[in-house]
Amino acid sequence: MEIEALKELVNEVQRQKSERQNIELKSCNGGFPKRIYDTLSSFSNQDSGGVIIFGMTDKPSYEICGVYDPEDVQKKIMENCKQMFPEVRALITMCEINGKMIVAAEIPGVETVYRPVYYAGVGRIKGSYIRIGDADEPMNEYEVYSYEAFRRRVRDDLRVVDRAKAEMFDNEKIEAYLKSVKQDKGNLTGNVPDSDILELMGITDGRKPTLAGTMVFIRFPQIFFPQLCITAVVIPGTEIGELGNDGERFIDNQRIQGSISNMLEEATAFVRKNSRTKTIIGEDGMRHDKTEYPMKAVREAILNALVHRDYSLHTENTPISIEMYRDRMEIKSSGGLYGNFSVDTLGKSRPETRNAALANILEILKVTENRYSGIPTIYRECEKAGLPKPEFKVVRGDFTVIFKNNMYYNVEKPTKVNMEDAILSFCTIPRSRNELLGLTGKSRYYTMTKWINPLIANGKLKMTLPDKPKSTHQKYYTVQ
């Protein structure tokens, strides 16, 4: 790092009064810190690396206090770097600011194949760290395993399910699969017995079903893996724990089970059922319905979660989750991005596949294309729908896709007259309160007092449950 760049970095930290994901401060004016291996590890284990600045206090003052001895600080940094495995190669920069010396150690992020970088003094499990915000947190056992699994090319989708039997396979689906394989491979499968094809394609191993075979061809794989399912909920507010107007925690709550193809269809149907529909009155005076989220993008996100999640022993007790909030939807699965890949490169380059056998099976069954088109499709469909860009996050081994709706923010609303027309057109089929809130983009109180109650009073709208006006199952429909 150039000296001027270091000075600017110090000024930036003082202006923002904050450490961050790739900046760590050590006062170091009374002696070298007792330990820095946690930060050396966490910075090495993230793509962007990080910088440790010695001679600067952290909150609340963020003052330049200077180091006790620049040469000794540099020596101690290098000694600590040599105690890491693999050894950390820090780049040292020293400069004087306001008469006080500071020392900066740039820690490069290492390639995934060499992670986790850990403190050799306590070993890989206890000495591996990850950066969370401005803190260094010990890696959990799964996070350590995920790096080793990539390095050793562990194929968890091919592990044998001991309690399962090939006789449990859905014969109709197996026959359709074998037919497709033979058409696709041609002469390569001419004299090969069906049982050997299943072995070669990763569906069985020693005539026992693999995890991939179990999840695709056994109708209810949750017999063996109760948590390899999808939990789907609709939350009335914008955060877990927020209650609805009638005290409900969830508007809808479903546990989705079955084979991968069944879970995909049921989960997509759940989102469709619980998505609000916005009615737009066009210039032609015709009504146009617009769903809250583009279903093609939703299907791709759910499929990605099912195909690319981690299926190791460490995560088999963690289901995929779909959480539909008032302003967004989150789809979360276990297993961060696989291999040398980052969120910034999603949809721009071809990643390695964590569950290659599973992906190949589903491609042959035409459940997925397996052409790395999922993320580009999600981006494209959200753009076509006029939605904000979807967000992708990796936190502590979980991968999350976040869809944001625009039904409450930054949307041009109809005038009062048009809104009344829109409501009446919208309610030609019974609509719930939440669907009406999605249409108006206003609060429940405003929507009910401004539009719904007056329309009911004028005889233009009616309730499906007139004797229970506050019922959570109440819907409103237009009087024809």
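Whatever comes next refers back to the structure up there.
This one's a predicted model, so the numbers in the text were calculated from it and none came from an experiment. (Residues numbered from 1 in each chain as written. Predicted model: local features only at pLDDT ≥ 70, side-chain atom pairs only at ≥ 80, totals over all residues. Heavy atoms only, no water.)

Caption draft 1: Region of the structure containing unusual backbone geometry. For the peptide bond that leads from lysine 59 to proline 60, omega is 5°, which places it in the cis range. If you trace the backbone, proline 60 turns up in the loop between β2 (50-54) and α3 (70-82). Residues arginine 115 and proline 116 are joined by a peptide bond in cis, for which omega reads 0°. For cysteine 28, which is not glycine, the phi dihedral falls at a positive 60°. Inspection of the secondary structure assignment puts cysteine 28 in the loop between β1 (23-26) and α2 (37-44). Its relative accessible area of 3% is what places cysteine 28 among the buried residues. The residue arginine 396 is not glycine, and still its phi comes out positive at about 50°. (Helix = DSSP H or I, 4+ residues; strand = E, 2+ residues; numbered from the N terminus. Buried < 20%, exposed > 50% of the residue type's maximum accessible area, 1.4 Å probe, protein only.)

Caption draft 2: Structural view of the packing of helix α10 (residues 295-308) against helix α12 (residues 374-384). For the pair α10 and α12, interaxial distance at closest approach is 8 Å and the crossing angle is 155°. By the angle class used here, α10 and α12 are roughly antiparallel. When you trace α10 past α12, the crossing you get is left-handed. Contacts between α10 and α12 involve Lys296, Ala297, Glu300, Ala301 and Asn304 from the first element and Gly374, Ile375, Thr377, Ile378, Glu381 and Cys382 from the second. Of the residues assigned to the contact of α10 with α12, the class counts are 5 nonpolar, 3 polar and 3 charged. (Axes fitted to C-alpha atoms, helices over the stretch in contact; angles between N-to-C directions. Parallel < 35°, antiparallel > 145°, perpendicular 65-115°, else oblique. Left-handed = near helix turned anticlockwise from the far one by under 90°. Contact = heavy atoms within 4.5 Å. Nonpolar A, V, L, I, M, F, W, Y, C, P; charged D, E, K, R; others polar.)

Caption draft 3: Fine view of the sheet that holds β1. Strand order across the open sheet formed by 4 strands is β1-β2-β5-β4, with mixed pairing between neighbours. If you trace the sheet from one side to the other, it starts and ends with β1 and β4 (91-97), each paired once. Strand-to-strand twist in this sheet, taken as the mean axis angle between neighbours without regard to direction, amounts to 20°. In this structure, β1 lies alongside β2, joined through 4 bridges in parallel fashion. Residue isoleucine 23 lies in a different strand from β2, and its bridge partner there is valine 51. The sheet contacts of helix α1 (residues 3-16) involve β1, β2, β4 and β5 (100-107), and relative to β4 the element is tilted by about 70°. Most of the contacts of α2 go to β2, to which it runs at about 155°, and overall it touches β1, β2 and β5. (Pairing = 2+ DSSP bridges.)

Caption draft 4: Broad picture of the side chain of aspartate 252. Here aspartate 252 lies in strand β12 (residues 252-256). Its relative accessible area of 16% is what places aspartate 252 among the buried residues. At a separation of 3.1 Å, a polar atom in the side chain of aspartate 252 contacts the side chain of asparagine 274. Not counting chain neighbours up to four residues away, the residues in contact with aspartate 252 comprise Ala232, Val233, Val234, Phe270, Lys273 and Asn274. (Polar contact = N/O pair within 3.5 Å; in protein donor to acceptor, adjacent residues only side chain to side chain.)

Caption draft 5: Examining the packing of aromatic side chains more closely. Within this structure, the stated rule accounts for 12 aromatic pairs. Aromatic pair phenylalanine 32 and phenylalanine 54: ring centres 5.5 Å apart, planes at 25°, arrangement stacked. Of this pair, phenylalanine 32 sits in the loop between β1 and α2 while phenylalanine 54 sits in strand β2; the two residues are 22 residues apart in sequence, bridging distant segments of the chain. Here tyrosine 142 and tyrosine 145 contribute two aromatic rings whose centre-to-centre distance is 6.5 Å and whose plane-to-plane angle is 35°, an arrangement assigned as tilted. Of this pair, tyrosine 142 and tyrosine 145 both sit in helix α5 (residues 141-151), separated by 3 residues, roughly a single helical turn. Taking the relative accessible area as the measure of exposure, tyrosine 142 reaches 10% and is therefore buried. A relative accessible area of 15% means that tyrosine 145 is categorised as buried. One aromatic cluster is present, formed by Tyr37, Tyr119 and Tyr129 through successive ring pairs. Geometry around tyrosine 311 places arginine 309 over its ring, the cationic atom sitting 5.2 Å from the centre. The ring of tyrosine 325 carries the charged tip of arginine 328 above its face, separated from the ring centre by 3.9 Å. (Phe/Tyr/Trp six-rings, centres within 6.5 Å; stacked < 30°, edge-to-face > 60°. Lys NZ or Arg CZ within 6 Å of the ring centre and 35° of its normal.)

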